[in-house]
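Chain residues, written in single-letter form:
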Amino acid sequence: MLERCPKKELKVAGHRLRLKDRVPHLLPPEMERWVDRSGLTSLQRTSLTKIDTDLVTQFVERWHIETSSFHMSFGEMTITLDDISCLLHLPIEGVLWYPDHVTEDMALELDIQYLGIDRGVVTRHIHECRGAYYSLQWLYDKFVEHRAASSWPFATRTCLMILLGCTIFADKTFTLVETRYVLLFRDLE
């Protein structure tokens, strides 16, 4: 007789409270213009307050990686970019951009240039995160510092990284955002 292993419990990450606490709905005008131009303004309001874990589990069990689709009782279902655009209110336009892998040395330079962080602080943070990542708390702390100093480009980039890390690029660590996404915000214009 075969014994079945108990199912692993699915852990669903929802960062709604973190996002609500860390990114104000009303940003300073100096930042608002850049956030609007990024097309990510809707992410400030787009996050689930309640997640039905059973429903998510059912979708996970029906996902087939070979076809990138869900096999449902009524047929096959695929999530398209248009679906994402409608659900998250994000503009889907232009060419596909996939960020390159960022090494720790590259992350150091990106953080100094685009987030305005001191080399020593960045080095310590990269070591603490064990790679080219930002912790959401660290990003929030830098956002507050830059906003207080009126360093608007740096404050805007950290704000946008928090938005990405709490919504569309949330990962299984629940607390880290990959450094490579800062490349999306090199040119705020």
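Reference entry: report on the structure contained in this document. Just so you know, these numbers come straight off a predicted model, no measurement behind them. Chains are numbered independently. Their residues run from 1 in the order of the written sequence. Restriction of local features to residues with pLDDT of at least 70 applies here, the model being predicted, together with a cutoff of 80 or more for giving and counting side-chain atom pairs; totals for whole chains, interfaces and linings are based on all residues. Hydrogens and waters are ignored; side-chain quantities use all the structure's heavy atoms.

**As for the pattern of salt bridges**
Piece 1. Here, a salt bridge means any Lys or Arg side-chain nitrogen found within 4 Å of an Asp or Glu carboxyl oxygen. Evaluated as defined, the whole model comprises five salt bridges.
Piece 2. Where Glu189 meets Arg37, a salt bridge forms, and the shortest distance between an N and an O atom there is 3.1 Å. With a gap of 152 residues between them, Glu189 in the segment after strand 5 (176-178) and Arg37 in helix 2 (residues 29-38) connect regions that are remote in the sequence.
Piece 3. Looking at Arg37, the relative accessible area reads 51%, which means it is exposed.
Piece 4. The residue Glu109 makes a salt bridge to Arg119 at a minimum N-O spacing of 3.3 Å. Linking Glu109 in helix 5 (residues 104-115) with Arg119 in helix 6 (residues 119-129), this pair joins segments that are 10 residues apart in sequence.
Piece 5. Here the salt bridges do not stand alone but share partners, grouping Arg33, Arg37 and Glu189 into one network. Put simply, DSSP marks the helices as runs of H or I at least four residues long and the strands as runs of E at least two long, and each gets a number from the N terminus on. Burial here depends on accessible area, computed with a 1.4 Å probe over protein chains only, as a share of the maximum for the residue type. Under 20% is buried, over 50% is exposed, and the range in between is partly exposed.

**Here's the deal with the environment of Thr80**
Piece 1. Structurally, Thr80 can be placed in the loop between strand 3 (75-77) and helix 4 (81-88).
Piece 2. Residues Thr80 and Ser69, spaced 11 residues apart in sequence, show a C-alpha to C-alpha distance of 9.9 Å.

**Focus: the environment of Val121**
Piece 1. Here Val121 is to be found in helix 6.
Piece 2. According to the relative accessible area criterion, Val121 is partly exposed, its value standing at 22%.
Piece 3. C-alpha of Val121 to C-alpha of Leu108: the two residues are 13 residues apart in sequence and 9.7 Å apart in space.
Piece 4. Setting aside chain neighbours within four positions, we find Val121 in contact with Trp138 and Lys142. Any two residues having at least one pair of non-hydrogen atoms within 4.5 Å are treated as being in contact.

**Here's the deal with the packing of helix 7 (residues 136-148) against helix 8 (residues 152-166)**
Piece 1. Where helix 7 contacts helix 8, the two axes come as close as 8 Å, and the packing angle between them is 155°. Regarding the angle of helix 7 to helix 8, the classification is roughly antiparallel. Helix 8 is crossed by helix 7, and the crossing has left-handed handedness. Two secondary-structure elements touch here, helix 7 through Leu136, Leu139, Tyr140, Lys142, Phe143, His146 and Arg147 and helix 8 through Trp152, Phe154, Ala155, Thr158, Cys159, Met161, Ile162, Gly165 and Cys166. Axis lines are fitted to C-alpha atoms, over the contacting stretch for helices. Their N-to-C directions set the angle, which ranges from 0 to 180 degrees. Angles are sorted into four bins: roughly parallel if under 35 degrees, roughly antiparallel if over 145, roughly perpendicular if 65 to 115, and oblique for all others. Each crossing is labelled by how the near helix is turned from the far one, with a counterclockwise turn of less than a right angle marking it left-handed and a clockwise turn marking it right-handed.

**A look at the packing of aromatic side chains**
Describing an aromatic ring pair means giving the distance of the ring centres and the angle of the ring planes.
Piece 1. Only Phe, Tyr and Trp rings are paired, with Trp represented by its six-membered ring, and only when their centres lie within 6.5 Å; those with planes under 30 degrees apart are stacked, over 60 edge-to-face, the remainder tilted. On inspection of all chains with the given rule, the structure shows two aromatic pairs.
Piece 2. Look at Trp63 and Phe70: their rings are 4.9 Å apart centre to centre, the planes differ by 65°, and that puts the pair in the edge-to-face class.
Piece 3. Residue classification places Trp63 among the partly exposed residues on the basis of a relative accessible area of 37%.
Piece 4. Ring plane angle 5° and centroid distance 5.6 Å describe the contact between Tyr134 and Trp138, whose orientation is recorded as stacked. In this structure, Tyr134 and Trp138 share a single accessibility class: buried.

**Concerning the pairing of strand 2 (residues 69-72)**
Piece 1. Only when DSSP finds a minimum of two bridges between them are two strands counted as paired. Of the pairings in the sheet, the one linking strand 1 (residues 63-64) to strand 2 comprises two bridges and is antiparallel in character. Looking at the pairing, Trp63 lines up with Phe70 of strand 2.
Piece 2. As consecutive antiparallel partners, strand 1 and strand 2 are separated by four residues, and within that stretch Ser68 has a phi angle of approximately 50°, a positive value.
Piece 3. Here strand 2 runs beside strand 3; their pairing, made up of three bridges, is antiparallel. Residue pairing for strand 3: Met72 is matched across the bridge by Gly75.
Piece 4. If you look at the hairpin formed by strand 2 and strand 3, you'll find two residues sitting between the two strands.

**A closer look at the packing of helix 2 against helix 8**
Piece 1. Remark: helix 2 packs on helix 8, axes separated minimally by 9 Å, with the N-to-C direction vectors making an angle of 45°. Our classification of the angle between helix 2 and helix 8 gives oblique. Note that helix 2 runs across helix 8; the crossing there is right-handed. Residue-level contacts link Glu30, Met31, Trp34, Val35 and Ser38 of helix 2 to Trp152, Pro153, Ala155, Thr156, Cys159 and Leu160 of helix 8.
Piece 2. Amino acid classes used here: Ala, Val, Leu, Ile, Met, Phe, Trp, Tyr, Cys and Pro are nonpolar; Asp, Glu, Lys and Arg are charged; the rest, including Gly, are polar. The residue makeup of the contact of helix 2 with helix 8, split by class, is eight nonpolar, two polar and one charged.

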